[in-house]
Amino acid sequence: MTSRLIIAIVQRRDLDGLSKALTEAGFSFTHVASVGGFLMEANDTLFIAVDEGAVERVIQVIREHCHTRTRYLSPISPILETGGLFPPSPVEVQVGGAHVFVLPVEACRRLHPDD
Ligand code: 2BA
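The shown structure was predicted, so the numbers you read here are calculated from the model rather than taken from an experiment.

1. Some thoughts on the overall build of the protein chain
Working step 1: Helix and strand counts for the protein chain stand at three helices and six strands.
Working step 2: Start at the N end of the protein chain and walk to the C end: the helices and strands fall as β-α-β-β-α-β-α-β-β.
Working step 3: Out of the 115 residues in the protein chain, the part that is buried amounts to 29%.
Working step 4: Sequence-distant contacts in the protein chain: of pairs separated by 6 or more residues, those separated by 24 or more amount to 67%.
Working step 5: Carbon and sulfur atoms make up 56% of the accessible area of the protein chain, which totals about 8200 Å².

Given below as structure tokens:
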């Protein structure tokens, strides 16, 4: 009985390795392309429905394949906008490993046209 839906937001560079590892571990998932609201960069969201007892195994696979990376943002300076000479220092942002949400599933049905 499927009873949890794991929603995992991962970095695009981790997707291939994570997909392969989840498949090898026997987990089904759906992947959709997504965009982070802060950086506005492409990332990927995986929907993984599993029995409650498998949640920690899935999280472990995600943990092993999703890495933390440092990104640098260059803020637009008001001084530069008015013709000043000194660009502002880039701002360091740590992205990932992954954001994981675990939701209860009330029902999970595969529907066929003949049912
Ligand atoms: P983004 O929204 O593009 O965020 C990328 C990174 O920017 C974040 O990494 C975080 O380090 C930083 N960041 C985000 N919002 C910020 C803010 N208001 N002020 C300062 N820094 C900020 P992560 O935390 O690893 O998040 C990676 C991606 O996971 C996010 O991409 C977003 O797509 C998703 N995400 C994170 N938290 C979420 C949440 N509560 N609900 C839904 N999606 C979430």
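2. Regarding the side chain of S3
Working step 1: Within the fold, S3 resides in the segment before β1 (4-11).
Working step 2: A relative accessible area of 11% means that S3 is categorised as buried.
Working step 3: Those residues in contact with S3 that lie beyond four places of it in its chain are V50, D51, E52, L103, P104 and V105.

3. Notes on the site of the ligand
Working step 1: In the region of the ligand, 13 residues are neighbours, and F38, L39, Q94, G96 and H99 sit closest.
Working step 2: One nitrogen or oxygen atom from the main chain of G96 is found 2.6 Å from an oxygen atom belonging to the ligand.
Working step 3: Between the ligand and H99, the relevant distance is 2.8 Å, taken from an oxygen atom to a side-chain nitrogen or oxygen of the residue.
Working step 4: For the ligand, whose unbound accessible area comes to 750 Å², protein coverage reaches 54%.
Working step 5: The element best represented in the shell around the ligand is strand β5 (residues 91-95), accounting for three residues.
Working step 6: Considering only residue class, the shell around the ligand consists of seven nonpolar, six polar and no charged.

4. Some points on the packing of helix α1 (residues 12-24) against helix α2 (residues 55-65)
In a pair of packed helices, the angle between the axes and the distance between the axes together describe the arrangement.
Working step 1: At a minimum axis distance of 9 Å, the contact between α1 and α2 shows a crossing angle of 145°. The interaxial crossing formed by α1 with α2 has right-handed handedness. Seen from α1, the contacting residues are D14, G17, L18, A21 and L22; seen from α2, they are V58, V61, I62 and H65.

What counts as what
- Residues numbered from 1 in each chain as written.
- Predicted model: local features only at pLDDT ≥ 70, side-chain atom pairs only at ≥ 80, totals over all residues.
- Heavy atoms only, no water.
- Helix = DSSP H or I, 4+ residues; strand = E, 2+ residues; numbered from the N terminus.
- Buried < 20%, exposed > 50% of the residue type's maximum accessible area, 1.4 Å probe, protein only.
- Contact = heavy atoms within 4.5 Å.
- Areas by Shrake-Rupley, 256 points an atom, 1.4 Å probe, with all protein chains shown as cover.
- Near = heavy atom within 4 Å.
- Polar contact = N/O pair within 3.5 Å; in protein donor to acceptor, adjacent residues only side chain to side chain.
- Nonpolar A, V, L, I, M, F, W, Y, C, P; charged D, E, K, R; others polar.
- Axes fitted to C-alpha atoms, helices over the stretch in contact; angles between N-to-C directions.
- Left-handed = near helix turned anticlockwise from the far one by under 90°.

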